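Summary of the model geometry
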Amino acid sequence: MRYPEGGGLTAERRAFREGIRLQAGERFAAGEKTAVIAKDLRVSVRSVERWRRAWREGGMEALRSAGPANAPTVTDAQFAVLEEELGKGPAAHGFDDQRWTLVRVQTVIRRQLRVSLSVATVWRLLKRHGWSWQAPARRALERDEHAVELWKKEVWPQVKGSRRPARHGLSSRTKPGSR
């Protein structure tokens, strides 16, 4: 199932933040102190200092929004190529099974588009274009129930019991009721 894009900073939110910066700019022009502006606008002093520096260097225009900070690193034309490649399936790209993982998609992007992206950026890119993760609807046919039960009975108790036993003691000499 695919979900439409939903993340990121909306245009409405960007406009709101820009409005706060512009209010601060008007107050800079009026000579108000940074701490007072920060308190009234409910922002950090550090942000107001950063805005004041930008205002000094570029005026009110420097406080305007520059648009979304996370511009896509893959163009729409490149993404169309990627979708075509993903449509061929993982086996067509030399992978053992028919599962697409983020690392595999990252590899296809690097090979086909000659673009290097982090796994997190690959996920955001796919999500932005309406892709979503998929979970298997049923258990694998290859699952060996006997091996699973054996592991639970023999291996798990050893792994679970390997922690150091808790010791009763004090980490401090100050104990309630003692002097």
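Provided above is the structure to which this section pertains.
A short tour of the structure in this document, coming up. Bear in mind the structure is a predicted one, so any value in this text is a computation, not a measurement. (Residues numbered from 1 in each chain as written. Predicted model: local features only at pLDDT ≥ 70, side-chain atom pairs only at ≥ 80, totals over all residues. Heavy atoms only, no water.)

**Some thoughts on the overall build of the protein**
When helices and strands are tallied, the protein shows seven helices and zero strands. Listing every helix and strand of the protein by position from the N terminus yields α-α-α-α-α-α-α. A total of 179 residues make up the protein; the buried ones form 23% of that total. Excluding contacts between residues fewer than 6 apart, the proportion of contacts in the protein whose partners are at least 24 apart in sequence is 45%. Carbon and sulfur atoms provide 53% of the accessible area of the protein, an area that totals close to 14300 Å². (Helix = DSSP H or I, 4+ residues; strand = E, 2+ residues; numbered from the N terminus. Buried < 20%, exposed > 50% of the residue type's maximum accessible area, 1.4 Å probe, protein only. Contact = heavy atoms within 4.5 Å. Areas by Shrake-Rupley, 256 points an atom, 1.4 Å probe, with all protein chains shown as cover.)

**Observations concerning the packing of aromatic side chains**
One pass over the structure, following the stated rule, counts three aromatic pairs. Ring centres of Phe 95 and Trp 100 lie 6.2 Å apart, and the angle between their planes is 75°; this geometry places the pair in the edge-to-face category. (Phe/Tyr/Trp six-rings, centres within 6.5 Å; stacked < 30°, edge-to-face > 60°.)

**As for the packing of helix α2 (residues 34–41) against helix α3 (residues 45–58)**
As a packed pair, α2 and α3 sit with axes 9 Å apart at the nearest point and diverge in direction by 120°. Crossing hand, α2 versus α3: right-handed. For the pair α2 and α3, the contacting residues are Thr 34, Ala 35, Ile 37 and Ala 38 in the first and Val 45, Val 48, Glu 49 and Arg 52 in the second. Per-class residue counts for the contact of α2 with α3 are five nonpolar, one polar and two charged. (Axes fitted to C-alpha atoms, helices over the stretch in contact; angles between N-to-C directions. Left-handed = near helix turned anticlockwise from the far one by under 90°. Nonpolar A, V, L, I, M, F, W, Y, C, P; charged D, E, K, R; others polar.)

**Concerning the nonpolar core**
Residues Leu 82, Ile 109, Leu 117 and Leu 125 are the most contacted members of the largest nonpolar core, which totals 14 residues. Where this core is concerned, the elements lending two or more residues are α4 (76–87), α5 (102–113) and α6 (119–128). A per-element tally of this core places α5 first, with four residues. Here Leu 82 is in contact with Val 108, Ile 109, Leu 113 and Leu 125, once residues within four sequence places are set aside. In this structure, Ala 24, Ala 38, Val 48 and Leu 63 belong to the second largest nonpolar core, which totals ten residues. (Core = buried A, V, L, I, M, F, W, Y, C linked by side-chain atoms within 4.5 Å.)

**Some details on the packing of helix α1 (residues 11–29) against α3**
Where α1 meets α3, the axes come as close as 10 Å, and the angle between the chain directions of the two elements is 70°. Classified by the angle their axes make, α1 and α3 are roughly perpendicular. For the pair α1 and α3, the crossing hand works out as right-handed. Between α1, through Ile 20, Arg 21, Ala 24, Gly 25, Phe 28 and Ala 29, and α3, the contact on the second element is made entirely by Val 48, Trp 51, Arg 52 and Trp 55. Among the residues forming the contact of α1 with α3, the class breakdown is seven nonpolar, one polar and two charged. (Parallel < 35°, antiparallel > 145°, perpendicular 65-115°, else oblique.)

**Here we look at a positive patch on the surface**
Together, Arg 46, Arg 50, Arg 53 and Arg 56 give the surface a local cluster of positive charge. Among the secondary structure elements, Arg 46 is positioned in helix α3. (Patch = residues over 30% accessible without salt bridge, like charges linked within 9 Å, V, L, I, M, F, W, Y side chains within 5 Å. Salt bridge = Lys/Arg side-chain N within 4 Å of Asp/Glu carboxyl O. Lys, Arg positive; Asp, Glu negative; His and termini not counted. Charge placed at Lys NZ, Arg CZ, Asp CG, Glu CD.)

**Structural notes on the pattern of salt bridges**
Two side chains that carry opposite charge are able to pair once their charged atoms sit near each other. Overall, the coordinates contain nine salt bridges when judged by the stated rule. Between Lys 88 and Glu 85 there is a salt bridge, with the nearest N and O atoms lying 3.0 Å from each other. Residue Glu 85 is classed as buried on the basis of its relative accessible area of 10%. The residue Asp 97 makes a salt bridge to Arg 104 at a minimum N-O spacing of 2.6 Å.

**Remarks on α3**
Helix length check: α3, at 14 residues, gives a terminal C-alpha distance of 20 Å against a target of 20 Å (1.5 Å per residue), a fit within 8%. In the core, the buried residues of α3 are packed alongside α1 and α2. Where α3 ends, the next residue or the one after it, Gly 59, has phi of about 70°, a positive value. (Expected span 1.5 Å × (residues − 1).)

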